[in-house]
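# Descriptive structure summary
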Amino acid sequence: MKICFATNNKNKIKEVKAALGNKMEILSLEEIGCKEELPETGDTLEHNAFQKAQYVKDHYGVDCFADDTGLEVDALEGEPGVYSGRYAGEPRSDDRNIDLLLKNLEHSSIRTARFKTVIALLIAEDKYKFEGIAEGEILRQRVGTGGFGYDPVFRPVGFSKSFAELSIEKKNEISHRGKAVRALIDFLNEI
Ligand code: IMP
């Protein structure tokens, strides 16, 4: 079975391929000839995930899934949430996003936060949604060089390491996206 993962993020493709093993062939946007940026104009993760998947289905006619992820920080009343990618403005920059997050939490002792992922699957004429959450804490400085996005400042509950210090396999075991992808795989295995 072939399915497109509607993302331009090579790290996400790598993570999802590692979680799927040989069960399914994942096509990237590049492989289906889609070079443009996908629209994501909603104010919920669910809206954006379906919007991206629907764009690919409408323009390229392939079954596909898209994810949208947000980091909810308790001391910031759930921010940056759905705006995590553009937290420090355009053009998007992981480095500037992290700098702003650390600055906004400089004087806060409450460090709890969570990543949430919503995956939207469009297959044949049907639509499905899968979710995953990873609870953790925002560190006071970057630790580790792996992963992407906010990984260097996110320490998952029960670990002494940041996401950026974990292998892809370990991160997948416990991460928001890993959980959502496993729910997606379980579903695809049943149909
Ligand atoms: P999006 O899902 O690609 O829109 O991601 C929104 C923001 O969250 C971007 O700044 C990403 O870099 C960040 N992000 C998404 N997934 C992860 C993750 O697994 N770890 C750390 N940051 C992430």
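Described in the following lines is the structure provided in the data block.

Scoring rules and cut-offs
- Residues numbered from 1 in each chain as written.
- Predicted model: local features only at pLDDT ≥ 70, side-chain atom pairs only at ≥ 80, totals over all residues.
- Heavy atoms only, no water.
- Helix = DSSP H or I, 4+ residues; strand = E, 2+ residues; numbered from the N terminus.
- Rg over C-alpha atoms; globule rule 2.2 N^0.38 Å.
- Buried < 20%, exposed > 50% of the residue type's maximum accessible area, 1.4 Å probe, protein only.
- Areas by Shrake-Rupley, 256 points an atom, 1.4 Å probe, with all protein chains shown as cover.
- Lys, Arg positive; Asp, Glu negative; His and termini not counted.
- Charge placed at Lys NZ, Arg CZ, Asp CG, Glu CD.
- Contact = heavy atoms within 4.5 Å.
- Expected span 1.5 Å × (residues − 1).
- Core = buried A, V, L, I, M, F, W, Y, C linked by side-chain atoms within 4.5 Å.
- Near = heavy atom within 4 Å.
- Polar contact = N/O pair within 3.5 Å; in protein donor to acceptor, adjacent residues only side chain to side chain.
- 1 Å grid on protein atoms, 1.4 Å probe; cavity = no way out; pocket = protein on both sides within 12 Å on 5 of 7 lines; lining within 4 Å.
- Sits in = over half its atoms within 2 Å of the grid points.
- Nonpolar A, V, L, I, M, F, W, Y, C, P; charged D, E, K, R; others polar.
- Phe/Tyr/Trp six-rings, centres within 6.5 Å; stacked < 30°, edge-to-face > 60°.
- Lys NZ or Arg CZ within 6 Å of the ring centre and 35° of its normal.

### What about the overall build of the protein?
Scanning the protein from terminus to terminus reveals 5 helices and 7 strands. Reading the secondary structure of the protein in the N-to-C direction produces β-α-β-α-β-β-α-β-β-β-α-α. Since a compact globule built from 191 residues should have a radius of gyration of about 16 Å, the 16 Å found for the protein is in line with a globular shape. For the protein, the spread of C-alpha atoms along the principal axes amounts to about 50 × 30 × 25 Å. The burial tally for the protein puts 49% of its 191 residues in the buried class. For the protein, the exposed surface amounts to about 9,700 Å²; the carbon and sulfur share of it is 48%. Here the protein carries 27 positive and 33 negative side-chain charges, and the mean point of each set is 4 Å from the other.

### Focus: the environment of A18
Mapping A18 onto the fold places it in helix α1 (residues 10-20). When near neighbours in sequence (up to four residues on either side) are disregarded, A18 contacts I168 and N172.

### Thoughts on helix α2 (residues 45-60)
Working note: α-helix, 3.6 residues per turn, so residues spaced by three or four point in the same direction. With 16 residues, α2 extends 23 Å between its outermost C-alpha atoms, agreeing within 8% with the 22 Å of an ideal straight helix rising 1.5 Å per residue. Of all the residues in α2, the buried ones are L45, N48, A49, F50, Q51, K52, A53, Y55, V56 and K57. Where α2 terminates, the next one or two residues include G61, which has phi positive at roughly 65°.

### Looking at the nonpolar core
By size, the foremost hydrophobic cluster in this structure holds 19 residues, and its most contacted members are C4, A6, L29, I32, L38, A53 and V56. When residues in this core are grouped by element, the largest group, 6 residues, is from α2. Once you skip the residues sitting within four places of it in the chain, A6 turns out to touch L29, L38, K52, V56, F65 and A66.

### A few points about the site of the ligand
Taken together, 16 residues are adjacent to the ligand, and K12, T69, D151, K171 and R177 come closest. Contact between the ligand and D68: an oxygen atom at 3.1 Å from a side-chain N or O atom of the residue. With respect to the ligand, the side chain of K171 contributes an N or O atom lying 2.8 Å from an oxygen atom. Contact with the protein chains hides 92% of the accessible area of the ligand, taken as 470 Å² for the molecule alone. Judged by the proximity of its atoms to the pocket grid, the ligand belongs to the largest pocket. Taken together, the elements giving at least two residues each to the shell around the ligand come down to β3 (64-73), α3 (94-104) and α5 (176-190). Taken together, the residues of the shell around the ligand break down into 3 nonpolar, 6 polar and 7 charged.

### A word on the packing of aromatic side chains
Summed over the entire model, instances satisfying the criterion amount to 6 aromatic pairs. Arranged with centres 6.0 Å apart and planes meeting at 20°, the rings of F115 and F163 form a pair that is stacked. Within this pair, whereas F115 is found in strand β5 (residues 112-123), its partner F163 is found in the loop between β7 (154-156) and α4 (168-174), the two being separated by 48 residues in sequence. On the basis of relative accessible area, F115 is assigned to the buried category, the value being 6%. When the centroid spacing of 5.0 Å and the interplanar angle of 35° are considered together, the rings of F154 and F163 count as tilted. The buried category is assigned to F154, whose relative accessible area is 0%. Classification of F163 as buried rests on a relative accessible area of 0%. Ring pairing ties together the aromatic residues F115, F154 and F163, which thus form one cluster. The ring of F163 carries the charged tip of K171 above its face, separated from the ring centre by 5.4 Å.

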